[in-house]
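Report on the structure
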Amino acid sequence: MPLPPGKSEIEVMRHYQYLASRNFGLDTGMYPLGSCTMKYNPRVNEDLCRLEGFTALHPAQPIATAQGALRLMYELAADLAEITGFAATTLAPAAGAHGEYTALMMFRAALEARGDARQTVIIPDTAHGTNPATVALCGYKTITVASNENGTIDLDALREVLDTDVAALMLTNPNTLGLFEPDIGKITAMAHDVGAFAYCDGANLNALMGITRIAEAGFDALHINLHKTFAAPHGGGGPGAGPVCVTSELAPYLPTPVVALREENYVFETPAHTIGRVRSWYGNFSVLVRAYAYLKALGAEGLREVSEQAIISANYVRTQLRDAFDMPYDRPCMHEFVLSGTRQKKESGVRTLDIAKRLLDYGFHPPTVYFPLIVDECMMIEPTETEPLKTLDAFIEAMRAIATEASSNPAMLHAAPQTLPVRRLDETAAARDVVVADLPATNPS
Amino acid sequence: MSRLDYRSITDEQRAVQLNAIGVASCNELIADIPSEIRLHEALAIEGGMDEIALVCHVGELAAENKQLVCFAGGGCYDHHIPAFIDHIVRRPEFFTAYTPYQPEASQGTLQAIYEYQTAMCRLTAMAVSNASMYDGATALAEAALMAVRHARGKRPVVVAAETLNPQYLEVLTTYAQSGLMQTHVASIEKMCAIGTDSADGVVDSDTVAAILIGYPNYYGIYENVAKVVESAHAIGALAIVCANPLLLALGESPGVLGADIVCGEAQCFGSPMSFGGPGLGYLCATERLMRLMPGRIVGRTCDADGADGFVLTLATREQHIRREKATSNICSNHALNALAAGAYLTFHGADGLAAVAQRCVEGARSLYERLIATDSFAPFNISSVDTDEASVRSYEFAVRYTGPGSLAELYDTLVVQGILPGIVVADDVLLVAVTERRNAAELDRFVEGVNRYAASAR
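The following refers to the structure shown.

1. A closer look at the overall build of chain A
Looking only at helices and strands, one finds 14 helices and twelve strands in chain A. Its C-alpha atoms give chain A a radius of gyration of 23 Å, near enough to 22 Å, the size a compact globule of 445 residues would have. Once local pairs closer than 6 in sequence are excluded, the contacts in chain A between residues at least 24 apart make up 69%. In the structure as shown, chain A presents an accessible area of about 13600 Å², 50% of it carried by carbon and sulfur atoms. Of the side chains in chain A, 35 bear a positive and 51 a negative charge, and the two mean positions are spaced by 4 Å.

As structure tokens, this is what we get:
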């Protein structure tokens, strides 16, 4: 069954115009997805990454003819290390999960180099799904440690599971409840005491720039989602980029190649004990260009202002919704916070899913829902620093209106959304009768 | 002009916010951060540019790179991208969107990816395609892990053809360091002999989960994939074919040849080279392997009114649902590149794609013959099984430099003349790619450059 015949350009353009009209993007409206950092994607960066001096560059061309590209990578790597306090950076990983993978494989290599093969990795129950999935992909077993009533690591529970079989502790900090681990120095020291590494999932770095360098909390490595903190677009599911920053102890294990500066020339080098290649070529270069441009625009002062505004706006929305929804961790947050729809579920049978779909009718993308897993009917809200106050107020108003509708008209919420191109879609049916491509039936019945 | 600032909130509005929160400053909100790790000085980050300075600065970096007439490939090709493709990719409804977890607000992305999946299934003759992987190398590594999972731990070995892209083999080796699989690199001859008396102790056939082969291989040669597939199946292993998808418009689809998994790099469908990234990993499989696949998959469904629609489906394979039992850790993939590929394939269709591929192959054939005719190059064939040495069927070929001087010096000489002649894959072996963008004048320049160098070095 070959491809169908081609189409004229106007037919293709009209088709994608139709598809675009059925999509919600960041330019459509506020996208308060927790831990996803849906901030504005600056258009100048879109132009810059498309300069022909970048797009027409073949990765195998002699590095003497690609010095601008290598310099950009070198400076970006150095800036990311400066922001996070680490010694060295790889720009190779294609996404956050790929960065997690790269770091854990470096831990594995460093442990094996000291003749100390280990079996497990500890993650808290608030971790992103990629964390345990990465642990498995690296051949380790996951040990989950419960959070305490404050939503942070329970030190006693942690102590109980830490032993010399633990390769690493993976933490998101601030965590997915939007809370900074107050005992973070103690936690990383406990990991180091048993010879384990401490990994920071940098998904929430947008809260920290210019405020604290996370390496100083005792972490050995972290990944950065350039498509979150550094304003590269999400692309409807990628491409992103997930650079990893590490301590000087781990630098010899970085994947090959890394960019170095030798006598005024930028070169590719292979670290002494490299884990090898984690992908083809060097990294998602056009995403790196966007992040570099963002950094050069904002500078040190601008980055700190970003993080401060992200924190202020999150707390602003939090305090304005405090009475309308349950707030399981009612204290100042970093750049995001969680609400619970438990009250609405109990009182009127309205679920968080209904609230999320109703928000679409109000013109907002829903928050991250049902995550983290430890919060019942969870809604995880991250407004980001780029949203105007007027928009934050409209979102607050919509959330409060929906809380009222939950008691006055639950049926309407169950039936939401009503104003989108399609009504609520049946995900169960899709998984039961799987149709994933338009192909002629192989077994005609 | 002042430096760029993408925030919207003014100082006055910030005061209103702080007042509503009930704090005097941001400092009161971050009391959880221990004082000993607070940063008290400014970050040492140069920046703070306005848009004029930024465009100028980044423009200078771009200008420091030299644009060469590209005859290099190795998995990343200088294909023409129809102008309209970037106009689609630049629509903010697509590129500023998040992963389509809220399907009612994401029908555009979902349908576009579904159409990409359909096109890839048709090209490869497979039943299922996922929504994309990072690149060809990680797609191949994940395909190998998929085969090991399929064997439920009873067969930990994957045997990879030594003629696969060396970078892909390196990534496969890295992924094997987890202990989840063992890799074994072998010649096609030895691969076909596994499980027979002539196997020569290559590897125990009962331990092999999959055999991995390029289609064509790194050197542009079509090895006997049908025979490799047959050999894999004979020992109860899966056949994984790593194929250049553009060339599938001309040759037989791997699915027809019996492949169980087809994967590779689809940058050729509408993504720029961009110094090697982002590319577009693709991964297709037979229906029985569907639930073992990594990554996102879009499926058809209907809404509450019975209208057609699309959703992410089979999510119980994925990390956000399945956590440590997921088939992969992949989350963000290369959706926007897949969307571009879908538009590219929709536009070209079967005939258009075949025409592009044909033009590439004809260009390669012409350059190959002309290079051999210079007497400075000789045929190079790394493979020994059933290949037709005389003909170029791909748009990439390897040639051995036999002229005076050295290949390294010739390479440098051509680069100075603005020609990137290919990739030097051994001291005297050059891997050359010719896409539809290369015109007759550029081929002339290449050949003349070779002749001039050979004359001067003699």
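2. So, the overall build of chain B
Each helix and strand in chain B was counted, giving 13 helices and 15 strands. Of all 458 residues assigned to chain B, the portion counted as buried reaches 63%. Pairs at least 24 apart in sequence give 73% of the contacts found in chain B among residues at least 6 apart. Surface exposure of chain B reaches about 16200 Å², of which carbon and sulfur atoms provide 49%.

3. Regarding the sheet that holds strand 3 (residues 157-161) of chain B
All names here are of chain B. If you trace the seven strands from one edge of the open sheet to the other, you get 2-8-7-6-5-3-4, paired in mixed fashion. Only two strands of the sheet have a single partner each, and these edge strands are strand 2 (128-129) and strand 4 (182-186). Where strand 2 lies against strand 8 (residues 281-285), two bridges are found, and the strand directions are antiparallel. Bridge pairing in strand 8 places Val128 opposite Ala285. Against the sheet, helix 5 (residues 107-124) engages strand 2, strand 7 (261-265) and strand 8, with an angle of about 65° to strand 8. The sheet strands contacting helix 6 (residues 136-150) are strand 3, strand 5 (208-215), strand 6 (238-243), strand 7 and strand 8, and the helix crosses strand 7 at an angle near 160°.

4. Focus on the layout of surface pockets
One number sums up the size of the second largest pocket: a volume of about 720 Å³. Lining the second largest pocket are 34 residues, and of these Thr55(A), Ile81(B), Asp86(B), Ser271(B) and Pro272(B) lie nearest its centre. Those elements that provide at least two residues to the lining of the second largest pocket are helix 3 (52-55) and helix 9 (285-321) of chain A together with helix 3 (83-89) and helix 11 (335-373) of chain B. The element contributing the most residues to the lining of the second largest pocket is helix 3 of chain B, with five residues. A breakdown of the residues in the lining of the second largest pocket according to their chemical character gives 17 nonpolar, eleven polar and six charged.

5. Some remarks on the side chain of Thr124(B)
All names here are of chain B. The topology assignment puts Thr124 in helix 5. A residue is classified by how much of its surface remains accessible, and Thr124, at 0% relative accessible area, is buried. At 2.7 Å, the side chain of Thr124 forms a polar contact with the backbone oxygen of Met120. Ignoring anything within four residues of it in the chain, the contact list for Thr124 reads Leu248, Ser253, Pro254, Gly255, Val262, Tyr282 and Cys284.

6. What to know about the pattern of salt bridges
Residue and element names in this part refer to chain A. Counted according to the given criterion, the structure contains 46 salt bridges over all chains. Note that Glu82 is salt-bridged to Arg213, the shortest N-O span being 2.9 Å. One end of the pair, Glu82, is in helix 4 (residues 67-84); the other, Arg213, is in the loop between strand 5 (197-201) and strand 6 (221-223), with 131 residues separating them in the sequence. Judged by relative accessible area, which is 12%, Arg213 ranks as buried. Note that Glu269 is salt-bridged to Arg262, the shortest N-O span being 2.7 Å.

7. Points about the interface of chain B and chain A
Often, the extent of an interface is quoted as the loss of accessible area upon association of its parts. Each side of the interface is counted separately: chain B has 152 residues, and chain A has 177 residues. In total, about 14100 Å² of surface goes out of reach between chain B and chain A, with carbon and sulfur atoms giving 62% of it. By the criterion of area lost to chain A, the three top residues of chain B are Tyr6(B), Glu104(B) and Phe275(B), representing 7% of everything that side buries. Put simply, chain B and chain A have eleven salt bridges between them. Glu64(B) serves as the salt-bridge partner of Arg71(A), at 3.5 Å between the closest nitrogen and oxygen. There are 83 residue pairs in polar contact (both at pLDDT 80 or more) connecting chain B and chain A.

8. Some details on the sheet that holds strand 1 (residues 88-90) of chain A
All names here are of chain A. Pairing is mixed across the open sheet formed by seven strands, whose spatial order is 1-7-6-5-4-2-3. In the strand order of this sheet, the two ends are held by strand 1 and strand 3 (141-145), each with one partner. Here the strands of the sheet are splayed against their neighbours by 25° on average, with no regard to which way each runs. Sheet topology places strand 6 next to strand 7 (residues 244-246); three bridges connect them, and they run antiparallel. What sits directly across from Leu222, in strand 7, is Cys245. Most of the contacts of helix 5 (residues 96-113) go to strand 5, to which it runs at about 175°, and overall it touches strand 1, strand 2 (120-124), strand 4 (166-172), strand 5, strand 6 and strand 7.

9. Examining the packing of aromatic side chains
According to the stated counting rule, one finds 27 aromatic pairs over all chains in the structure shown. Between Tyr218(B) and Tyr219(B), the ring centres sit 5.2 Å apart and the planes meet at 85°, which makes this aromatic pair edge-to-face. You can call Tyr218(B) buried: its relative accessible area is 11%. Feature note: the residues Phe54(A), Phe268(A), Trp281(A), Tyr282(A), Phe285(A) and Phe275(B) constitute an aromatic cluster, connected by ring pairs. Above the ring of Tyr140(A), the side-chain terminus of Arg108(A) is found at 4.5 Å from the ring centroid. Lying over the aromatic face of Tyr222(B), Arg393(B) brings its terminal NZ or CZ to 4.3 Å of the ring centre.

10. Some details on the pairing of strand 7 of chain B
All names here are of chain B. Judged by how many residues are buried, strand 7 sits mostly within the fold: five of five residues are covered. Both strand 6 and strand 7 contribute to a ladder of three bridges, which runs parallel. Of the residues in strand 7, the one forming a bridge with Cys242 is Cys263. Looking at chain direction, strand 7 and strand 8 are connected through five bridges and run antiparallel. When the sheet's bridge partners are listed, Ile261 is paired in strand 8 with Ala285.

Rules behind the numbers
Residues numbered from 1 in each chain as written. Chains lettered and ligands numbered in written order. Predicted model: local features only at pLDDT ≥ 70, side-chain atom pairs only at ≥ 80, totals over all residues. Heavy atoms only, no water. Helix = DSSP H or I, 4+ residues; strand = E, 2+ residues; numbered from the N terminus. Rg over C-alpha atoms; globule rule 2.2 N^0.38 Å. Contact = heavy atoms within 4.5 Å. Areas by Shrake-Rupley, 256 points an atom, 1.4 Å probe, with all protein chains shown as cover. Lys, Arg positive; Asp, Glu negative; His and termini not counted. Charge placed at Lys NZ, Arg CZ, Asp CG, Glu CD. Buried < 20%, exposed > 50% of the residue type's maximum accessible area, 1.4 Å probe, protein only. Pairing = 2+ DSSP bridges. Axes fitted to C-alpha atoms, helices over the stretch in contact; angles between N-to-C directions. 1 Å grid on protein atoms, 1.4 Å probe; cavity = no way out; pocket = protein on both sides within 12 Å on 5 of 7 lines; lining within 4 Å. Points joined across faces, edges and corners; volume = space filled by probe spheres on them. Nonpolar A, V, L, I, M, F, W, Y, C, P; charged D, E, K, R; others polar. Polar contact = N/O pair within 3.5 Å; in protein donor to acceptor, adjacent residues only side chain to side chain. Salt bridge = Lys/Arg side-chain N within 4 Å of Asp/Glu carboxyl O. Buried area = accessible area lost by both parts, 1.4 Å probe. Phe/Tyr/Trp six-rings, centres within 6.5 Å; stacked < 30°, edge-to-face > 60°. Lys NZ or Arg CZ within 6 Å of the ring centre and 35° of its normal.

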